[in-house]
Amino acid sequence: ELPLSRREAQSGLHHQPQPPSRCERGKSVACFGTQKNPTAGFRMLKDLSDIVGVFHQGYSKTPKIVKIVDCFVVFAITVAVLQYAYMCMFGSFPYNAFLGGFFCSTGFAVLTVCFRMQLDTKGDSKPANLEKVFADYCVACVFLFFVAISYVG
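Just so we're clear, the structure is a prediction, and the values are computed from it rather than from any experiment.

Another aspect to go through is the packing of helix H3 (residues 64-90) against helix H4 (residues 95-119). Interaxial distance between H3 and H4 falls to 9 Å at its minimum, and their mutual angle equals 160 degrees. In terms of their interaxial angle, H3 and H4 are classed as roughly antiparallel. When you trace H3 past H4, the crossing you get is left-handed.

What follows is the structure, encoded as structure tokens:
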């Protein structure tokens, strides 16, 4: 190695050798951009397909009403993401309108998840009265929407 000048040694700007990364050491880890073990990628895809298969098999036994509620949750989260993306792309001039809409859609998603938890009783708890649970959900959603509308102005 070349000797370091006094300035490089004092400032710490000299090059210190870096230890080899996990990919270079030859360990059996999945490293992006390297092809040490080409079957590792296929194994990972097979594991992922097995996980999706088990999820699909278990979710196929779910009651239809719970699947409908899941669709509402996905819709509410999608609306929140779209509102956030719109705010990032085009600005947030009426910021209270963005906050009202964003919190309304996320609050709706949270309330819907709570409603789903009361519907799907596979555990120890006894199933709740569907009409009472739905009425509580509707009242909570109406209250949330009134709060959001009053916040917007």
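Under the definition given, this model contains three salt bridges. One salt bridge in this structure joins Asp50 and Lys46, with 3.3 Å as the shortest N-O distance. Of this pair, Asp50 and Lys46 both sit in helix H2 (residues 38-59), separated by four residues, roughly a single helical turn. Put simply, Asp70 and Arg116 hold a salt bridge, and the shortest N to O gap is 2.4 Å. Remark: Arg116 occurs in helix H4 and Asp70 occurs in helix H3; sequence separation between them is 46 residues.

This part is about helix H5 (residues 130-152). Compared with the 33 Å implied by 1.5 Å per residue over 23 residues, the 33 Å span of H5 between its first and last C-alpha is a close match. Here H5 has its buried residues at Val133, Tyr137, Cys141, Leu144 and Ala148. Tucked inside the fold, the buried residues of H5 contact H4. One or two steps after H5, the chain reaches Gly153, where phi turns positive at roughly 130 degrees.

Under the definition given, this model contains twelve aromatic pairs. Ring plane angle 15 degrees and centroid distance 5.5 Å describe the contact between Phe55 and Tyr59, whose orientation is recorded as stacked. Separated by four residues within a single helix, Phe55 and Tyr59 lie in helix H2, roughly one turn from each other. Here Phe55 falls in the exposed class, since its relative accessible area comes to 57%. On the accessibility criterion, Tyr59 (25% relative accessible area) is partly exposed. Site record: aromatic cluster; members linked through ring pairs are Phe72, Phe108, Phe115, Phe134, Tyr137 and Phe145.

About the cut-offs
Residues numbered from 1 in each chain as written. Predicted model: local features only at pLDDT ≥ 70, side-chain atom pairs only at ≥ 80, totals over all residues. Heavy atoms only, no water. Axes fitted to C-alpha atoms, helices over the stretch in contact; angles between N-to-C directions. Helix = DSSP H or I, 4+ residues; strand = E, 2+ residues; numbered from the N terminus. Parallel < 35°, antiparallel > 145°, perpendicular 65-115°, else oblique. Left-handed = near helix turned anticlockwise from the far one by under 90°. Salt bridge = Lys/Arg side-chain N within 4 Å of Asp/Glu carboxyl O. Expected span 1.5 Å × (residues − 1). Buried < 20%, exposed > 50% of the residue type's maximum accessible area, 1.4 Å probe, protein only. Contact = heavy atoms within 4.5 Å. Phe/Tyr/Trp six-rings, centres within 6.5 Å; stacked < 30°, edge-to-face > 60°.

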